[in-house]
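# Summary of structural features
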Amino acid sequence: MRKPFIAGNWKMNNDAKYSAELAAGLAAALKDVTTVDIAVCPTFVYLQTVANALGDSSIKVGAQDVYFESNGAFTGEISTDMLKDVGCTYALIGHSERRHVLGETDEIVNKKLLSVLKSGLLPILCVGELLEEREAKKTTEVVTTQIKAGLASVSAEEMSNITLAYEPVWAIGTGKTATADQAQEVHAMIRKLLAEMYDADTAENVRIQYGGSAKPANTAELMANADVDGLLVGGASLKVEDFAAMIKNVE
Ligand code: PEP
């Protein structure tokens, strides 16, 4: 049985004050939730602020990215040890904005994933197709390539520490959500692929989040799918009432 996992990606939004208020507000609103794993991913500079504001809440902190080297002359980059030092549990890897806006390749994504696994942080590996790729009926091909490349050298045992997030790029921040059927179709395809790459048990146990304009109004429909185990939420994670409503709906 896969425990639902809802994560909020705050992207490059919120100042320190609002980040702390949002975190404290969520901690209060969701204090009794035990049946859903919850994480928030603020920008690097407010990770510590958010971790402090969450206090002993069960809500975990995640980073939006990480670098694959452990230390040294990599100006501007952040290591896994630094993330652990400021209270992170999770790290997003290969978010579509990193792939398509910042030019991150599958090879870089894989290096980051391996370094996160080695550090003991828990990666959330994001994959998803562009609109033109969906229209050209290349969704399966694109997602398969991203998963195979992203998970290169990852063992079946390590898969138990990984969450996958299927995020069709055309649905991120656009207000266009994939239909429940579109999400389920790709999630089922991913699980079948994992069974081929690893084994049936491993595939069955991996949590696959959906991301792309998820909001309170479509949470139930998306989460009703057999292979949708959670959500990666951008815009709707920026307000206590929206994000808390989604989690309570799943609970
Ligand atoms: C995201 O950033 O991963 C995301 C899914 O954003 P939004 O919910 O705003 O589409």
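Our structure's up above, just so we're on the same page.
What counts and how
- Residues numbered from 1 in each chain as written.
- Predicted model: local features only at pLDDT ≥ 70, side-chain atom pairs only at ≥ 80, totals over all residues.
- Heavy atoms only, no water.
- Pairing = 2+ DSSP bridges.
- Helix = DSSP H or I, 4+ residues; strand = E, 2+ residues; numbered from the N terminus.
- Axes fitted to C-alpha atoms, helices over the stretch in contact; angles between N-to-C directions.
- Contact = heavy atoms within 4.5 Å.
- Buried < 20%, exposed > 50% of the residue type's maximum accessible area, 1.4 Å probe, protein only.
- Near = heavy atom within 4 Å.
- Polar contact = N/O pair within 3.5 Å; in protein donor to acceptor, adjacent residues only side chain to side chain.
- Areas by Shrake-Rupley, 256 points an atom, 1.4 Å probe, with all protein chains shown as cover.
- 1 Å grid on protein atoms, 1.4 Å probe; cavity = no way out; pocket = protein on both sides within 12 Å on 5 of 7 lines; lining within 4 Å.
- Sits in = over half its atoms within 2 Å of the grid points.
- Nonpolar A, V, L, I, M, F, W, Y, C, P; charged D, E, K, R; others polar.
- Phe/Tyr/Trp six-rings, centres within 6.5 Å; stacked < 30°, edge-to-face > 60°.
- Salt bridge = Lys/Arg side-chain N within 4 Å of Asp/Glu carboxyl O.
- Disulfide = S-S within 2.5 Å.

The next subject is the sheet that holds strand β1 (residues 5–9). Strand order in this closed barrel of eight strands is β1-β2-β3-β4-β5-β6-β7-β8, and the pairing throughout is parallel. Between one strand axis and the next, the sheet turns through 25° on average, direction left out of account. Note that strand β5 (residues 122–127) and strand β6 (residues 163–166) share four bridges and pair parallel. Bridge pairing links C126 to A165 in β6. Across the sheet, helix α9 (residues 180–197) lies against β5, β6 and β7 (207–211), angled at about 150° from β7, the strand it touches most.

Peptide bonds are mostly trans, and most non-glycine residues show a negative phi. Phi at K137 is positive, roughly 60°, even though this residue is not glycine. For S213, which is not glycine, the phi dihedral falls at a positive 55°. Relative to the helices and strands, S213 is located in the loop between β7 and α11 (216–223). According to the relative accessible area criterion, S213 is buried, its value standing at 17%.

The next subject is the environment of S79. Within the element layout of this structure, S79 appears in the loop between β3 (60–63) and α3 (80–85). Exposure remark for S79: the relative accessible area of 4% places this residue in the buried category. Put simply, S79 and M12 are 67 residues apart on the chain and 19 Å apart in space, counted from C-alpha to C-alpha.

Moving on, we come to the site of the ligand. Among the 14 residues in the neighbourhood of the ligand, the closest are listed as K11, E167, G173, S213 and G234. Within the side chain of E167, an N or O atom sits 2.6 Å from an oxygen atom of the ligand. Within the backbone of G235, one N or O atom sits 2.9 Å away from an oxygen atom of the ligand. For the ligand, whose accessible area on its own is 300 Å², the fraction buried by protein is 95%. At a threshold of 2 Å from the grid points, most atoms of the ligand map onto the second largest pocket. Per-class residue counts for the shell around the ligand are four nonpolar, eight polar and two charged.

Relative to the elements of secondary structure, S237 occurs in the loop between β8 (230–233) and α12 (240–250). Look at S237 and you get buried, because its relative accessible area is 0%. Within the structure, S237 has its side chain in polar contact with the backbone oxygen of G234 (distance 2.7 Å).

Applying the stated criterion to the full structure yields four aromatic pairs. Relative to F74, the ring of Y67 lies with its centre 5.3 Å away and its plane at 45°, an arrangement referred to as tilted. Put simply, the rings of Y67, F68 and F74 touch in pairs and so form one group of aromatic residues.

A few words on the pattern of salt bridges. In this structure the tally under the stated criterion is 16 salt bridges. Each of R2, R191, E204, D227 and D229 takes part in salt bridges that share partners, so that together they form one network.

Turning next to the side chain of D229. Mapped onto the fold, D229 is located in the loop between α11 and β8. Judged by its relative accessible area of 6%, D229 is buried. In this structure the side chain of D229 is engaged in a polar contact, spanning 2.8 Å, whose partner is the backbone nitrogen of I208. Not counting chain neighbours up to four residues away, the residues in contact with D229 comprise R2, K3, P4, F5, R191, V206, R207, I208 and M223.

Below, the discussion takes up the environment of I59. The residue I59 is located in the loop between α2 (47–54) and β3 in this model. Counting along the chain gives 42 residues from I59 to V101, while the straight-line C-alpha distance between them is 29 Å. In contact with I59, not counting residues within four places along its chain, are L26, A27, L30, I38, A39, V40 and L54.

Turning our eyes to something else, we now look at the state of the cysteines. The final tally for this structure, using the stated rule, is zero disulfides. Unpaired in this structure, C88 has its nearest cysteine sulfur neighbour in C41, at a distance of 8.0 Å. Counting only cysteine sulfurs, C41 is the nearest neighbor of C126, a cysteine outside any disulfide, at a range of 8.8 Å.

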